[in-house]
Structure formats: C-alpha cells, structure tokens
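Reading the structure
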Amino acid sequence: MFELFIWDLDNTVIGSSRLLWGAFQWVAERFAGRFMTPRDIVGLYGPPEDVVIEQIVGREKKDEALRAFYEFYEQEHDRLVTPFPEVLEILEYLRRKGVRQALFTSKGRKSASITLRRFNLERLFDFVLCGDEVRQAKPHPDGVVRILEHFGVPPQNALYVGDSPLDAQAAHGAQVAFALALWDSFHRAEAERITAEYVFATPREMFLWVRKRYEEEG
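Described below are features of the structure shown in this document. Everything numeric here is computed off the predicted structure, so don't read it as measured data.

Here we look at the side chain of Ser16
Among the secondary structure elements, Ser16 is positioned in the loop between strand E2 (14-15) and helix H1 (17-32). Setting aside residues no more than four positions away along its own chain, Ser16 makes contact with Asp10, Asn11, Leu80, Val81 and Asp184.

Structure (structure tokens):
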C-alpha cells in the first residue's frame, strides 16, 4: 500500500479550467492585445502564474497584469470553480486509513490560498507545496522530491495523482508511481501517450480501486 498520496490541484481535485482560461485570456487581451485559446494557455502551464503572465505580457507590464489576474481570479472564483465531491471523499477515506496527503500545485501561493480557503480544502492535506515555492517548476521533480523528504517517505511508497504530462514527468523524475486522472483532463485525447502506472476515467473508478486496495491489504 502507498503511505503517501501526492495530489495535483487543478483538474484533479477541483474543476478550474474555466477560471484559469478566463483569467489568462482577460489579461492577454487587456495587456498584450492578443487572443489566446485554451490550448495556447495550457501550453504555458508548469510554472506559477507570475511566470506565465510575464511570458504573455512581458516584463514591463507584468506587475500590473498580475494584479489584474488576481482580481479576476478572486472575483470569479466561486462561479467558475467546482471541487469534485468524490475526490474529496477519497481524500477523507485515506486520511481515516492513516495515509498521508500532500498537495503539489503549479499555482502560486496566493491563488492556491484563495482556492484552499474558499473550499476549506487545506484540512485535507498534511502538506501543501506551491509552484512559487520550488526551485524548478513541473515537469521537474523538485517539488515531488521535496515532499518525499518532508515526510521521510521513500519513492516506492508514494503515489502521485494528476491530470497532465507535466505531472507524470514530475512523478517519474522522482521515481514515484503516477496515477493519471482523466475526469477533467485537457489531455484525454492523448492519454495513451502519457506514461502512467494507473489510469482512472472517473473519481468513482479511483475510489473503488482505493477502497479495494486498502480494505484488502489493511
């Protein structure tokens, strides 16, 4: 059994694409005069939002654009973001089983804190690590390695759950098994090309697997 689960946040624990795409599109149009498709935006994922915004608008406009991004993010958050109830059930079930839970998100601490606070999610995790708190962003394994070191858990005893190739690469770079969460993934069409030890189409499918594994072995 795994003694540590490492979770991605966006499109894994919460459905947040509409908010992120809306915020980045708004900033791009307002400060760079350009239209960005969801695929354009997803192609910039990995580093936290301040780095992404600088790539979109340039260094001179970065600070003003970042303030506008956070304003949009906070104002539209509750309308455009939804937690996945069965994923929260999995987290609660694993906590009852004594399995430790970490969150590793590409978000910066400021935007992550808004989401964690609005949905009272921080109570479900023993450790939260954000994209602006690691030396190198996903797909580098730095954050995963730091989480393993924090808990003193060897890689073979951890499972990383995420929705993207960046998550898979970060997990495998740290020698950690990867579970591909497809229920809200932008990458469903290319799932076969993402290396994963486990693949779950729905939270229900994952929950059934988790319960079977921990009830049989525990």
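Having seen it, we continue.
Brief notes about the environment of Ile90
With respect to the element layout, Ile90 can be found in helix H5 (residues 85-96). Ile90 sits in the buried class, given a relative accessible area of 0%. When the C-alpha positions of Ile90 and Arg211 are compared, they lie 8.6 Å apart, and in sequence the two are 121 residues distant. Apart from the residues lying within four places of it in its own chain, the contact partners of Ile90 are Trp7, Pro203, Met206, Phe207 and Val210.

Considerations on the nonpolar core
Membership of the largest hydrophobic core comes to 57 residues, with the highest contact counts inside it found for Phe5, Trp7, Val13, Leu94 and Met206. The residues contacting Leu94, other than those within four sequence positions of it, are Phe5, Trp7, Val99, Gln101, Val210 and Tyr214. Ranked by size, the runner-up nonpolar core spans 24 residues in total, among them Ile6, Val134, Leu148 and Leu180.

Brief notes about unusual backbone geometry
Omega for the peptide link from Lys138 to Pro139 comes to 15°, which places this bond in the cis form. Secondary-structure assignment places Pro139 in the loop between strand E5 (127-129) and helix H7 (142-151). Positive phi values are uncommon outside glycine, yet Asn11 reaches one of about 65°. With respect to the helices and strands, the residue Asn11 is situated in the loop between strand E1 (4-7) and E2. Although it is not a glycine, Asn120 sits at a positive phi angle of roughly 55°. Checked against the element boundaries, Asn120 lands in the loop between helix H6 (109-118) and E5.

Re the packing of helix H4 (residues 62-80) against H6
Close contact between H4 and H6 brings their axes to 11 Å; oriented N to C, the two are set at 15°. The orientation of H4 with respect to H6, classified from their angle, is roughly parallel. For the crossing formed where H4 meets H6, the hand is right-handed. Contact with H4, carried on its side by Tyr70, Tyr73, Glu74, His77 and Asp78, involves Lys110, Ser111, Ile114, Thr115, Arg117 and Arg118 of H6 and no other residues of that element. Within the contact of H4 with H6, the residues separate by chemical class into three nonpolar, three polar and five charged.

Here we look at the pattern of salt bridges
Across all of its chains, the model carries 17 salt bridges by this definition. One salt bridge in this structure joins Arg100 and Glu3, with 2.8 Å as the shortest N-O distance. Note that Arg100 is positioned in strand E4 (residues 100-104) and Glu3 in the segment before E1, a separation of 97 residues in sequence. Using a relative accessible area of 29% as the deciding quantity, one classes Arg100 as partly exposed. A relative accessible area of 31% places Glu3 in the partly exposed class. Arg117 is paired through a salt bridge with Glu74; the nearest N and O atoms lie 3.7 Å apart. Placement of the pair is Arg117 in helix H6 and Glu74 in helix H4, with a sequence separation of 43 residues. Beyond isolated ion pairs, a larger network of salt bridges with shared partners links Asp50, Glu54, Arg59 and Lys62.

The rules we used
Residues numbered from 1 in each chain as written. Predicted model: local features only at pLDDT ≥ 70, side-chain atom pairs only at ≥ 80, totals over all residues. Heavy atoms only, no water. Helix = DSSP H or I, 4+ residues; strand = E, 2+ residues; numbered from the N terminus. Contact = heavy atoms within 4.5 Å. Buried < 20%, exposed > 50% of the residue type's maximum accessible area, 1.4 Å probe, protein only. Core = buried A, V, L, I, M, F, W, Y, C linked by side-chain atoms within 4.5 Å. Axes fitted to C-alpha atoms, helices over the stretch in contact; angles between N-to-C directions. Parallel < 35°, antiparallel > 145°, perpendicular 65-115°, else oblique. Left-handed = near helix turned anticlockwise from the far one by under 90°. Nonpolar A, V, L, I, M, F, W, Y, C, P; charged D, E, K, R; others polar. Salt bridge = Lys/Arg side-chain N within 4 Å of Asp/Glu carboxyl O.

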